[in-house]
Amino acid sequence: MFGLSVWALYFFNAEWWYYPLLLLGPDISMIGYAGGNKMGAFMYNLFHHKGIAIALFVLGLLLPGMIIQIAGIILFGHSSMDRMFGYGLKLKEGFKFTHLGFIGKK
């Protein structure tokens, strides 16, 4: 799915700077943890939910301009990359608690 996102950016002739954004952009949502675990998990999950990414992409198909489509591709690709490395959607207990299990050594 990450590879599909890279291909989609290429297919839509995205500018070069979208690729680093694909790798790191959605992680800005970790700033939400400054407001506590519950707010951090909410913000992180908002930016890392594949359903939201797909909805953005579809919305972008319906509206003029490609920026919403590109945003959907970036969110989808980044979320896929995170899942590949074992990072899942966060639970309110803390950053290391995800829907895929605990991150790191117990």
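It should be emphasised that the depicted structure is a prediction, and the values quoted were computed from it without experimental measurement.

A. Geometry of the sheet that holds strand E1 (residues 90-91). Strands sit in the order E1-E2-E3 across an open sheet of 3 strands; the sheet is antiparallel. With one partner strand each, in any of the chains shown, E1 and strand E3 (101-102) form the two edges of the open sheet. Pairing geometry for E1 and strand E2 (residues 94-98), over 2 bridges, is antiparallel. In the strand pairing of E2, Leu 91 is matched with Gly 94.

B. Just the nonpolar core, in detail. Residues Ala 8, Leu 9, Ala 14, Tyr 18, Leu 22, Ile 70, Ile 73 and Ile 74 constitute the largest nonpolar core, which totals 8 residues. When contributions to this core are tallied by element, the ones reaching two or more residues are helix H1 (2-11), helix H2 (18-24) and helix H5 (67-84). Of all the elements, H5 adds the most residues to this core, at 3 residues.

C. Unusual backbone geometry, seen in detail. At Asn 13, a position not held by glycine, the phi torsion is positive, near 55°. Tracing the backbone through its elements, the reader meets Asn 13 in the loop between H1 and H2. Exposure remark for Asn 13: the relative accessible area of 67% places this residue in the exposed category.

D. A look at H1. Taken as a whole, H1 has its buried residues at Ser 5, Ala 8 and Leu 9. Each buried residue of H1 lies within a common arc of 100° when the element is viewed along its axis, so the set occupies one face. Projecting away from the buried face of H1 at angles above 90 degrees are the exposed residues Leu 4, Tyr 10 and Phe 11. Buried positions along H1 lie against H2 and H5. In the segment just after H1, Asn 13 is the residue with positive phi, at about 55°.

E. H5, seen in detail. The end-to-end C-alpha separation of H5 is 26 Å, in line with the 26 Å expected for 18 residues at 1.5 Å each. The buried fraction of H5 is high, at 14 of 18 residues. Gly 86, located one to two residues past H5, shows a positive phi value of around 90°.

F. How the structure looks around the side chain of Lys 90. Locating Lys 90 in the fold gives a position in strand E1. Buried charge Lys 90 goes without a salt bridge, the closest partner of opposite sign being Asp 82 at 6.6 Å. Look past the residues within four positions of Lys 90 in its chain and what remains in contact with it is Tyr 33, Ala 41, Tyr 44, Asn 45, Phe 95, Phe 97, Thr 98 and Ile 103.

Rules and cut-offs
- In this numbering scheme, every chain counts its residues from 1 along its sequence in written order.
- Two thresholds apply to this predicted model, a pLDDT of at least 70 for residue-level local features and 80 or more for giving and counting side-chain atom pairs, whereas whole-chain, interface and lining totals are computed over all residues.
- Excluded from the side-chain calculation are hydrogens and water; included are all heavy atoms of the structure.
- Strand pairing requires that DSSP identify at least two bridges connecting the strands.
- Comment: elements are numbered from the N terminus, with helices defined as DSSP H or I runs of at least four residues and strands as E runs of at least two.
- Throughout this description, the term nonpolar core refers to a set of buried Ala, Val, Leu, Ile, Met, Phe, Trp, Tyr and Cys residues connected via side-chain atoms within 4.5 Å.
- Exposed residues in this analysis have more than 50% of their type's maximum accessible area, buried residues have under 20%, and partly exposed residues fall in between, with area computed by a 1.4 Å probe over protein chains only.
- For this quantity, the arc is that covered by the directions from the helix axis to the C-beta atoms.
- We call two residues in contact whenever any of their non-hydrogen atoms come within 4.5 Å of each other.
- By this rule, a helix spans an expected 1.5 Å times one less than how many residues it contains.
- For the purpose of charge, His is not counted, nor are the chain termini; Lys and Arg are scored as positive and Asp and Glu as negative.
- The rule for a salt bridge is simple: a side-chain nitrogen of Lys or Arg has to be within 4 Å of a carboxyl oxygen of Asp or Glu.

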